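# Inside the fold
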Amino acid sequence: MIKKYRIAWWRLQHWWLIILAVITLFQVGRSLTSPGVDLVPVWLRLVVVTGGLLMTAMLVWGVMQFFASYLQMSDEGVGVRHWPTKLKLVPWNKVERVGKYATLGIFKSDILIFKEMHQISGVESKEEFNVFTLSDFQGWPKGELADDLRKRRPQAFK
């Protein structure tokens, strides 16, 4: 059975870009429809339109990041998809433990640490640790995600 956990809205990483995009789009619309727009040089209007298109792309990117990203648990393993990338699935036997991480020493997150093989050369490979951020998803640390992870991989919490 496959279960998906969506990004929690309060953990949206680039929320400030979405707000900036909305404000900029509002200002672009206002400046292009104002009565004195004929007095503005054409090159400056093109700059405003280009900025508006860029902000529209950022807005679409931010919304898609929120709605199309998820953490997935199944019998095969656990995986995360951050839009626009594909799902990265890790088998349960590679999951090591749940740990803590602080970005810039301030923003604290719970992470899921797992082992991953990386090719060094054509014949050599090296086992390294990698992480998924659990704090970004609904149901963590108290909820269905935490309960499901404890049930599927209890040794990760020791």
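Residues numbered from 1 in each chain as written. Predicted model: local features only at pLDDT ≥ 70, side-chain atom pairs only at ≥ 80, totals over all residues. Heavy atoms only, no water.

## Thoughts on the pattern of salt bridges
Test applied: Salt bridges, as used here, are contacts in which a Lys or Arg side-chain nitrogen is within 4 Å of a carboxyl oxygen on Asp or Glu. The way it works is that DSSP assigns letters per residue, a run of H or I at least four long becomes a helix, a run of E at least two long becomes a strand, and they are numbered from the N terminus. Remark: exposure states derive from per-residue accessible area (1.4 Å probe, protein chains only) relative to the maximum for the residue type, with buried under 20%, exposed over 50%, and partly exposed in between.
In total, this model carries 5 salt bridges according to the counting rule given. Glu 144 is the partner of Lys 3 in a salt bridge, and the nearest nitrogen-oxygen pair spans 2.5 Å. Of this pair, Lys 3 sits in strand 1 (residues 3-6) while Glu 144 sits in helix 3 (residues 144-152), placing them 141 residues apart in sequence. A relative accessible area of 22% means that Lys 3 is categorised as partly exposed. On the accessibility criterion, Glu 144 (45% relative accessible area) is partly exposed. As a salt-bridge pair, Asp 110 and Lys 100 come within 2.8 Å of each other at their nearest N and O atoms. Here the residue Asp 110 occupies a position in strand 6 (residues 107-119), and Lys 100 occupies one in strand 5 (residues 95-103), the gap between them amounting to 10 residues. Beyond isolated ion pairs, a larger network of salt bridges with shared partners links Asp 75, Asp 148 and Arg 152.

## Section: the environment of Ile 7
Filter applied, for reference: Note on contacts: a residue pair is in contact if any heavy atoms of the two residues lie within 4.5 Å.
Summarising the element assignment, Ile 7 is placed in the loop between strand 1 and helix 1 (15-32). Linking Ile 7 and Arg 153, residues 146 residues apart in sequence, is a C-alpha distance of 21 Å. Setting aside anything within four residues of it in sequence, one finds Ile 7 in contact with Gln 65, Phe 66, Ser 69, His 82, Asp 136, Phe 137 and Gln 138.

## Here's the deal with the nonpolar core
As a reminder of what qualifies: Residue types Ala, Val, Leu, Ile, Met, Phe, Trp, Tyr and Cys, when buried and joined through side-chain atoms within 4.5 Å, form a set referred to as a nonpolar core.
Counting 20 residues, the largest nonpolar core has Leu 71, Met 73 and Val 78 as its most contacted members. Elements supplying a minimum of two residues to this core: strand 2 (70-73), strand 3 (77-81), strand 6 and helix 3. It is helix 3 that contributes the most residues to this core, 3 residues altogether. If we ignore the near neighbours within four places in the chain, the residues touching Leu 71 are Lys 3, Lys 4, Tyr 5, Val 78, Gly 79, Val 80, Leu 134, Phe 137 and Leu 145.

## Brief notes about a nonpolar patch on the surface
Spelled out, the test is: Patch membership requires more than 30% relative accessible area and the absence of a salt bridge. Residues of like charge join within 9 Å; the nonpolar side chains Val, Leu, Ile, Met, Phe, Trp and Tyr join within 5 Å. Accessible surface is estimated by sampling points in the Shrake-Rupley manner with a 1.4 Å probe; for residues, cover comes only from the protein chains shown.
A cluster of nonpolar residues, Leu 32, Val 49 and Leu 53, forms a patch on the protein surface that exposes about 240 Å² of accessible area. Among the secondary structure elements, Val 49 is positioned in helix 2 (residues 42-68). Look at Val 49 and you get partly exposed, because its relative accessible area is 35%.

## Comments concerning the confidence of the model for the protein
We count it as follows: One number per residue, pLDDT, summarises how confident the predictor is, and it ranges from 0 to 100.
Confidence along the protein averages 82 in pLDDT terms, with 94% of residues attaining 70 or more. Confidence, read as mean pLDDT per element, is least for helix 1 in the protein (75) and greatest for strand 2 (91).

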